[in-house]
Amino acid sequence: MANKFFKTANGFVTTTVVLRTLALLLAMADNTLALSPIAVDYHVLVAHQTPETRHQLRETFKVSLGVDGMIAIRGIPGFQKLREQALLGAHACMAQAPPRMQSVTLPDGTYRQTLAAVSSAFSEQAIDHGSESDACRAWSETSDRFRQAIGTSLTAFVKHLSRAFGDDVHGPLLQSVTGKSYNTLEQVVRSGERLEHFHSYNLPEVFKPLTDYEGRDTIEFHVDQGVFIAFVPSVLVDTLSKPVDSSTPHGTFKLKSADGTEKDVHFQPDSLIIMPGDGINHFFNARRKGLTFHAPPHAFQMSASIPELHRLWYGLMQLLPADAKNEESGLTYGEIRSRVVGLTTSSEETSLGLGCSRTLTERELMSNC
């Protein structure tokens, strides 16, 4: 394969074989494997495609999304700086206690604050913070540019992913209650809503003694709802919304690959990360021949060594079309989502056939479902 396509933390490599070996070579002291996600360059996604490049992209998607269930887009113009500006600005806005901000205390004592928006592939809604403060108004402009860059990258990614596996799909992927067919992954994505969240995680020094929550996951293993989630590496800031030294530990992001192997994931700061969600099992994998995509269970643990610092994070969840029908339950995905929002027990969630995740724990992406 041409080396312009795929990156690791140490630069470009020439084959997916080398990339897959990477996860096996980086063993941690506790025998957990370290994963550096396979990456495709943004410029490849937006360039004119030849038969050779289409084949190489297809093979890359098969390996990255079929084994670990994760792929990165790198090389998005100006994205590393824009990501930092957007996350620092989010914290500065949250420090003004905007009226629309939500907050929750997670099981390990971590305090999470959230600002959110509901958008689509065609219509980007402003983050609803409800504040007229200078910090929030400035952040609105920065976050819009950041989210636009992500939207453009996802459009290119979904187009190539949909075309790469279009011939493998039998019949419509989904149908609406009125008989409308969604025949391609691209059509599914273009017709579903997107939930976007900016989160600030903080482990207050005075909340609990370290021994009370040491070793507990902040976000337990789960599989998110939707077609996929997309997110960026976190940024650590102090109380003045200034970035801290990059060597300071952010915590541990873990996933389980298709064979059940647990891996610690390490992200590059210019990356946009994409993982299939549980929705991929409900409509895409069931209609494909051969290799399926893996929706990886994943978890996160805050580092106990960073009390009083704030971990800023952005994530997007691509939902299924609200009018599409779920064959297991007979309900539309919009109806399922409405019911899940009000659920209080995992047994109720299971009876619907689709929930926020495989377990109703606090999710990385959702304040409530």
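Everything here concerns the structure above.
Residues numbered from 1 in each chain as written. Predicted model: local features only at pLDDT ≥ 70, side-chain atom pairs only at ≥ 80, totals over all residues. Heavy atoms only, no water.

Undergrad: Explain unusual backbone geometry to me, please; I cannot follow it from the model alone.
TA: Generally, phi is negative for residues other than glycine and the peptide bonds are trans, each holding for most cases. In this structure, Ala97 is a non-glycine residue whose phi angle is positive, near 50°. Structurally, the position occupied by Ala97 is in the loop between helix H4 (79-94) and strand S6 (102-105). Its identity is not glycine, yet Ser241 carries a phi of approximately 65°, on the positive side. Topologically, Ser241 is positioned in the loop between strand S13 (235-237) and strand S14 (251-256). (Helix = DSSP H or I, 4+ residues; strand = E, 2+ residues; numbered from the N terminus.)

Undergrad: Got a minute to help me understand the state of the cysteines in this structure?
TA: Cysteine pairs can be linked by a disulfide, which is a covalent bond between their two sulfur atoms. Under the criterion given, the structure shown has one disulfide. Note that Cys93 is cross-linked by a disulfide to Cys136, the S-S spacing being 2.0 Å. Since a negative S-S torsion denotes a left-handed disulfide, the Cys93-Cys136 link at about 95° is right-handed. Highlighted residues: Cys93 in helix H4 and Cys136 in helix H5 (residues 134-164), separated in sequence by 43 residues. (Disulfide = S-S within 2.5 Å.)

Undergrad: Where do I start with the packing of aromatic side chains in this structure?
TA: Within a pair of aromatic rings, the relevant descriptors are the distance that separates the centres and the angle that separates the planes. Under the counting rule described, the total for this entry stands at 11 aromatic pairs. Ring geometry for Trp139 versus Phe198: centroids 4.9 Å apart, planes at 85°, classification edge-to-face. Taken together, the residues Trp139 in helix H5 and Phe198 in strand S10 (residues 193-202) connect sequence positions 59 residues apart. Note on accessibility: Trp139 and Phe198 belong to one class, buried. With centroids separated by 6.2 Å and ring planes inclined at 50°, the aromatic side chains of Tyr201 and Phe300 adopt a geometry described as tilted. Here Phe300 lies in strand S17 (residues 298-302) and Tyr201 lies in strand S10, a separation of 99 residues in the sequence. (Phe/Tyr/Trp six-rings, centres within 6.5 Å; stacked < 30°, edge-to-face > 60°. Buried < 20%, exposed > 50% of the residue type's maximum accessible area, 1.4 Å probe, protein only.)

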